[in-house]
Protein chains: 2
Amino acid sequence: MADLARLSLNQRTIDQWTLTQVVEHCGRAGVPAIGVWRDKLAEVGVDCGARLIAEAGLQVSSLCRGGFFPTTSAADRAVRADDNKRAVEEAAALRAPVLVLVCGPPVSPDLAAARRAVADGIEALLPFARDQGVRLGIEPLHPMMIGERSVIVSLREAVELAERLDDEYLGVVVDAYHVFWDPDVEALIERAGSRLVGFHASDWLTPAGDVTASRAMIGDGLIALRSMREATDRAGYRGFIEVEVINDHHRHLDGDTLLQTIIQRFQSLL
Amino acid sequence: MADLARLSLNQRTIDQWTLTQVVEHCGRAGVPAIGVWRDKLAEVGVDCGARLIAEAGLQVSSLCRGGFFPTTSAADRAVRADDNKRAVEEAAALRAPVLVLVCGPPVSPDLAAARRAVADGIEALLPFARDQGVRLGIEPLHPMMIGERSVIVSLREAVELAERLDDEYLGVVVDAYHVFWDPDVEALIERAGSRLVGFHASDWLTPAGDVTASRAMIGDGLIALRSMREATDRAGYRGFIEVEVINDHHRHLDGDTLLQTIIQRFQSLL
């Protein structure tokens, strides 16, 4: 049985709840941590959200998200850079150890240029992250999301980028849904070692369905989550395991029932 | 300008046409080769189809498809093995140099077992392919298709598998749509070298849309096709470039208009 002390509920998993509700329900259910999204945090305000979470005795495993580095103009790049600094500050305010980076889609078929923009953007943000005590976590997304979300679409590439920039405030977030298909996934997790700063779990449906919001409840799909979690153990990862099941249909289900399913599945599967 | 002598029309691109129509229209338009699908071939029969194509002076760049190796029972495995031999025979009848292998989805979350079944299935089929003078081409599919189509979802894995089995009758088919997202795609194409036995072109839409049938017309999407074609040149590939645009909406368009667009785009883009 996985230790409930390592469970974090990513709030997008029960998207029908406000941050206030997530805090209440997780506190009551004994879930010790949550993953927070900036748009949900903005609804209550950063200071208020941070106080709510702290008063409930909850921890924040990560804040989602910064990134979106490739741009078409210098002006746009400056706007993004400012917003990424605000994201780092918000993570610091929540005492979140990690800001998740969704690196952004390419702006043209020149994917190499987009990848350079990502590396440059991360490098420029790192000194600020260090000052604030927040690590940046590169989350490789599934290759089907390259046009909309991120040009960083394999764990290999994320690990190699983190190795190249080589900074203790830069790491990699492994979301099982995005990377499970890679035959080298467990070897790459081990290779990440101390650069592994987050582990997210959901499951992969067949048929695959909608690209953005049809992830399956852990245990309902094709992903060998236990085996992947054991690889994170071997990498030395001792942080939270965030359950992040982004699924539009789940909005119509009862949140507490979903949360109980997550707790049970987490203990038996992970 | 790309040489029209290297253009092959994969018949799924104008799916509203029968094989007979594809042969007629390609002959008239000066397209020298076609990629054939077994279900379409079966509609006219293998002998008749082979005669039609030969009499029109067309070549067949590939036959699609064999594969689907992972199974849940020995009986099922035997049925698949027989069907794969029939596919090889059909490719030989059409004088197609390559049978495209879509390797099949996993039957459980044990992806490593599925990958072993693929390797074993290919190894078992190779002597028959050699006898028939047909090369087997492993086509890695996009990782979003892992649950429905193939557990082989990266070019790296396909190349490494072909290298491991190391047989002159085994190679790799590169379909730009499936592998363009890989930062190492061009290096892997070069590494494939003489094992590169096919190159398919379509384009990647944003937003990504339906997983199976929303490929874009070449030139309409995110893929740097020219750059990828140049990598196949460096690999020493001199075979046909198959345009394979699988898109349900194209069924409602005029086939000849599509074909003219393909010819123009092929010459200016590839």
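Structure first, text after, so check above.
Heads up: these notes are all about the structure in this document. (Residues numbered from 1 in each chain as written. Chains lettered and ligands numbered in written order. Predicted model: local features only at pLDDT ≥ 70, side-chain atom pairs only at ≥ 80, totals over all residues. Heavy atoms only, no water.)

1. Digging into the packing of aromatic side chains
- Within the structure shown, the criterion is met by five aromatic pairs over all chains.
- Residues A:Phe180 and A:Trp204 carry aromatic rings whose centres are separated by 5.4 Å and whose planes lie at 45° to one another, so their mutual orientation is tilted. One end of the pair, A:Phe180, is in the loop between helix 7 (176-179) and helix 8 (185-192); the other, A:Trp204, is in the loop between strand 7 (196-201) and helix 9 (225-234), with 24 residues separating them in the sequence. A:Trp204 carries the same exposure label as A:Phe180, and that label is buried.
- Note on A:Trp181 and B:Trp181: the rings are 5.4 Å apart at their centroids and 80° apart in plane angle, and the pair reads as edge-to-face. (Phe/Tyr/Trp six-rings, centres within 6.5 Å; stacked < 30°, edge-to-face > 60°. Helix = DSSP H or I, 4+ residues; strand = E, 2+ residues; numbered from the N terminus. Buried < 20%, exposed > 50% of the residue type's maximum accessible area, 1.4 Å probe, protein only.)

2. Let's talk about the sheet that holds strand 4 (residues 98-102) of chain A
All names here are of chain A.
- Pairing within the closed barrel is parallel, and its eight strands lie in the order 1-2-3-4-5-6-7-8. Strand-to-strand twist across the sheet, computed as the mean angle between neighbouring axes with direction ignored, equals 30°.
- The sheet contact formed by strand 2 (residues 33-37) and strand 3 (residues 59-67) spans five bridges and is parallel. Bridge pairing in strand 3 places Trp37 opposite Cys64.
- Sitting on the sheet, helix 4 (residues 74-93) is in contact with strand 3, strand 4 and strand 5 (135-138), with an inclination near 180° to strand 3. (Pairing = 2+ DSSP bridges. Axes fitted to C-alpha atoms, helices over the stretch in contact; angles between N-to-C directions. Contact = heavy atoms within 4.5 Å.)

3. Points about the state of the cysteines
- This model, assessed by the stated rule, comprises zero disulfides over all chains.
- No disulfide involves A:Cys26; its nearest neighbouring cysteine sulfur is the one of A:Cys64, lying 16 Å away.
- Of the residues examined, A:Cys26 reaches a relative accessible area of 0% and is grouped as buried.
- You can see B:Cys103 has no disulfide; the closest cysteine sulfur is in B:Cys64, sitting 11 Å from it. (Disulfide = S-S within 2.5 Å.)

4. As for the relation of the copies chain B and chain A
- For the pair chain B and chain A, the best superposition has an RMSD of 0.0 Å and corresponds to a rotation of 180° with a translation of 0.0 Å parallel to the axis. On this basis, the relationship between the two copies can be described by a two-fold rotation axis. The C-alpha atom lying nearest the rotation axis in chain B is that of B:Met144; the distance is 3.1 Å.
- Mapped onto chain A, 100% of the interface residues of chain B are again interface residues, and the two copies thus contact each other with one and the same surface. (Least-squares fit on C-alpha atoms with pLDDT ≥ 70 in both.)

5. A short note on the pairing of strand 5 of chain A
Residues and elements named next belong to chain A.
- Here strand 4 pairs with strand 5 via four bridges, running parallel. Along strand 5, the bridge assignment pairs Val100 with Gly137.
- Following the backbone out of strand 4, through helix 5 (residues 111-132) and into the adjacent parallel strand 5, one traces a crossover that is right-handed.
- Pairing between strand 5 and strand 6 (residues 170-175): three bridges, direction parallel. Bridged to Ile138 within strand 6 is Val172. (Right-handed = clockwise from strand over helix to strand, strands pointing away.)

6. Here's the deal with the nonpolar core
- Grouped together as the largest cluster of nonpolar side chains are 179 residues, with contacts concentrated most on A:Ile122 and B:Ile122.
- Contact partners of A:Ile122, with chain neighbours within four places excluded, come to A:Phe69, A:Leu101, A:Leu136, A:Ile138, A:Leu161, A:Leu165 and A:Leu170. (Core = buried A, V, L, I, M, F, W, Y, C linked by side-chain atoms within 4.5 Å.)

7. What about empty space enclosed by the protein?
All names here are of chain A.
- Counted according to the given criterion, the structure contains one cavity of 30 Å³ or more.
- Estimates place the volume of the largest cavity at around 50 Å³.
- Lining of the largest cavity is provided by Ser61, Ser62, Val98, Val173, Val197, Gly198, Phe199, His200, Tyr237, Phe240 and Glu242.
- Among the elements of the structure, strand 3 and strand 7 are those that each provide at least two residues to the lining of the largest cavity.
- Top contributing element to the lining of the largest cavity by residue count: strand 7, with four residues.
- Among the residues making up the lining of the largest cavity, the classes are represented as six nonpolar, four polar and one charged. (1 Å grid on protein atoms, 1.4 Å probe; cavity = no way out; pocket = protein on both sides within 12 Å on 5 of 7 lines; lining within 4 Å. Points joined across faces, edges and corners; volume = space filled by probe spheres on them. Nonpolar A, V, L, I, M, F, W, Y, C, P; charged D, E, K, R; others polar.)

8. Let's talk about the layout of surface pockets
- By volume, the largest pocket amounts to about 590 Å³.
- For the largest pocket, the lining is made up of 31 residues, of which A:Asp182, A:Pro183, A:Asp184, B:Arg115 and B:Glu157 are closest to its centre.
- Contributions of two or more residues to the lining of the largest pocket are made by helix 8 and helix 9 of chain A together with helix 5 (111-132) and helix 6 (155-165) of chain B.
- With five residues, helix 6 of chain B is the largest single contributor of residues to the lining of the largest pocket.
- The class makeup of the residues in the lining of the largest pocket is 15 nonpolar, three polar and 13 charged.
- Of the volumes computed, that of the second largest pocket is approximately 490 Å³.
- A:Leu111, A:Ala112, A:Arg115, B:Asp182 and B:Pro183 are the residues nearest the centre of the second largest pocket, which is lined by 23 residues in total.
- Of all the secondary-structure elements, those providing two or more residues to the lining of the second largest pocket are helix 5 and helix 6 (155-165) of chain A together with helix 8 (185-192) and helix 9 (225-234) of chain B.

9. Considerations on the interface of chain B and chain A
- At the interface, 30 residues of chain B touch 30 residues of chain A.
- Of the roughly 2,200 Å² buried where chain B meets chain A, counting both sides, 70% is carbon and sulfur surface.
- Along the contact surface separating chain B from chain A lie zero salt bridges.
- Seen at the junction of chain B and chain A, the total is two residue pairs in polar contact (both at pLDDT 80 or more).
- Tallied by class, the residues present in the side of chain B that touches chain A amount to 17 nonpolar, seven polar and six charged. (Buried area = accessible area lost by both parts, 1.4 Å probe. Salt bridge = Lys/Arg side-chain N within 4 Å of Asp/Glu carboxyl O. Polar contact = N/O pair within 3.5 Å; in protein donor to acceptor, adjacent residues only side chain to side chain.)

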